[in-house]
Amino acid sequence: MQDKPTYLTRPYLPPLDEFLPYLQEIWESRRLTNGGPFHEQFEEALRQYLRVPQVSLFANGTLALMTALQALRITGEVITTPYTFAATTHALLWNGIKPVFVDIRRDTCNLDEELVEAAITPRTTAILPVHCYGNPCASGRLQQIADTYGLKLIYDAAHAFGVSVDGHSLLELGDLAVVSFHATKVFNTFEGGAIISRDARIKQRIDYLKNFGFADEITVVAPGINGKMNEFQAALGLLQLRHVEQAIAARNQIDRRYRQALRSVPGVQCLPSADGVRSNGGYFPVLIGPDYPLSRDQLYDEFRRNNIYVRRYFFPPISELPMYRGLASAAPANLPVATSIAKQVLCLPIHPDLDGQAVDRVIEVIAAFV
Ligand code: T4K
């Protein structure tokens, strides 16, 4: 067993001395939150970096998701994926919306666009897909379905910061896209998130909603929530933007190393990387198939014995959680691909501070049984 633990991820942080001047400014100005100067600067800097029309910053990605659904007045049923983090589906339930699960594709782990139409009912108002692990959804087809049936398309793009297809950010897609800046993400502000919107009118509504619905000191135009990002988070975000390209490059280098080493390991399958996609190296999932000598859980335990903390994202599928499993669409027979992938998946450690030796140890643990 190696002494030093290897974690799935370690949050990227810039050198502390680069952050101190920001902190000093916050301390001196006493401007801590409610759309302060760093908030305004970060929102604009992010808009330019991502090359998207509008950005609304949030305290975290979950509040952003909940607000996105409110902003578009989504009700009734929403078609979504069972293969995601609990926040995606919980955001629907917190809005009184019924999730309707549709199975995923084996190559991307994203909502299977060809199964969506069959799940539409007169109560369906929107589709909520996830760009799982930053893998792009079949957005052309999903948009076509949304347009045909008059549905809204909201992407949970929590994993998709910095991912682009043919030079276009994934965050441009759909009516709204929601991204997370949680500590474990490619780009972090400790906690944080944002909604990407298409025009100033919808951004205005989102901004009211995240501030209790206040339009001015005495006018409340909507039953809003407190979703505001504070000045500490925004200042860190501004600084993180200077480093994020380097962090993504380091992650992608680890991604390439894993792919090359695992190519020759029978029973271990990496998800294919699609043409024209600039990945962010946010996650490195592998599927442990029947040709591998150990089951997924045996390999997970073996990693633990070696002080390596891999994760089973996303097991169990959300459709199997107690609050969802009674839904007709949650039946495992309706979701064979998600059910099978959730039993096979392991996310391997990947983050900018993971050195070559640690990556080799992860590969050695897998290869030792072949
Ligand atoms: N939609 C999707 C598709 C999402 O994946 C998420 C969040 C959301 C929406 C909601 O966005 P946020 O509201 O979170 O902004 C983690 C994260 O908490 C969560 O943000 C993330 N997805 C999810 C996939 O993973 P946990 O409970 O598995 O994380 P935890 O605390 O076990 O940490 C994982 C590893 O990271 C540990 O091995 C240690 C390391 N770590 C973690 C933290 C928090 C650190 O080294 N330092 C840290 O500060 O959920």
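About the thresholds
Residues numbered from 1 in each chain as written. Predicted model: local features only at pLDDT ≥ 70, side-chain atom pairs only at ≥ 80, totals over all residues. Heavy atoms only, no water. Near = heavy atom within 4 Å. Polar contact = N/O pair within 3.5 Å; in protein donor to acceptor, adjacent residues only side chain to side chain. Areas by Shrake-Rupley, 256 points an atom, 1.4 Å probe, with all protein chains shown as cover. Helix = DSSP H or I, 4+ residues; strand = E, 2+ residues; numbered from the N terminus. Nonpolar A, V, L, I, M, F, W, Y, C, P; charged D, E, K, R; others polar. Domains from an automatic or database assignment. Buried < 20%, exposed > 50% of the residue type's maximum accessible area, 1.4 Å probe, protein only. Contact = heavy atoms within 4.5 Å. Pairing = 2+ DSSP bridges. Axes fitted to C-alpha atoms, helices over the stretch in contact; angles between N-to-C directions.

**Concerning the site of the ligand**
Of all residues adjacent to the ligand, which total 24 residues, the nearest are R10, T62, D156, R311 and Y313. For the ligand, an oxygen atom lies 2.6 Å from a polar atom in the side chain of T62. H159 has a polar side-chain atom sitting 2.7 Å from an oxygen atom of the ligand. Notes on the ligand: free accessible area 930 Å², of which the protein chains cover 77%. The set of elements that each furnish at least two residues to the shell around the ligand consists of helix 3 (61-71) and helix 4 (86-94). Split into classes, the residues belonging to the shell around the ligand amount to nine nonpolar, 11 polar and four charged. Looking at which domains feed residues into the shell around the ligand, each of domain 1 (16-103 + 111-240) and domain 2 (244-367) supplies at least three.

**Quick notes on the environment of V345**
As for its position among the elements, V345 is in strand 17 (residues 345-348). With relative accessibility at 1%, the residue V345 sits in the buried group. As a C-alpha pair, V345 and V268 span 77 residues in sequence and 9.8 Å in three-dimensional space. Discounting residues that sit within four places of it in the chain, V345 has contacts with Y83, Y133, P285, V286, L287, R296, R312, Y313 and F314.

**Things to note about the sheet that holds strand 8 (residues 168-169)**
Across the sheet, which stays open at both edges, the three strands sit in the order 8-7-14 with antiparallel pairing between neighbours. Of all the strands in the sheet, just strand 8 and strand 14 (277-278) have a single pairing partner and so form its edges. Both strand 7 (residues 164-165) and strand 14 contribute to a ladder of two bridges, which runs antiparallel. When the bridges of strand 14 are listed, S164 appears paired with R278.

**Some thoughts on the sheet that holds strand 17**
Taken in spatial order, the three strands of this open sheet run 13-15-17, and their pairing is antiparallel. The open sheet has two free edges, formed respectively by strand 13 (268-270) and strand 17, since each of these has just one partner strand. Each neighbouring strand pair of the sheet contributes to a mean axis angle of 35°, computed without reference to strand direction. Where strand 15 (residues 284-288) and strand 17 come together, four bridges link them in antiparallel fashion. Looking at the pairing, P285 lines up with C347 of strand 17. Along the sheet, helix 7 (residues 231-262) contacts strand 13, strand 15 and strand 17; its crossing angle with strand 15, the most-contacted strand, is approximately 20°.

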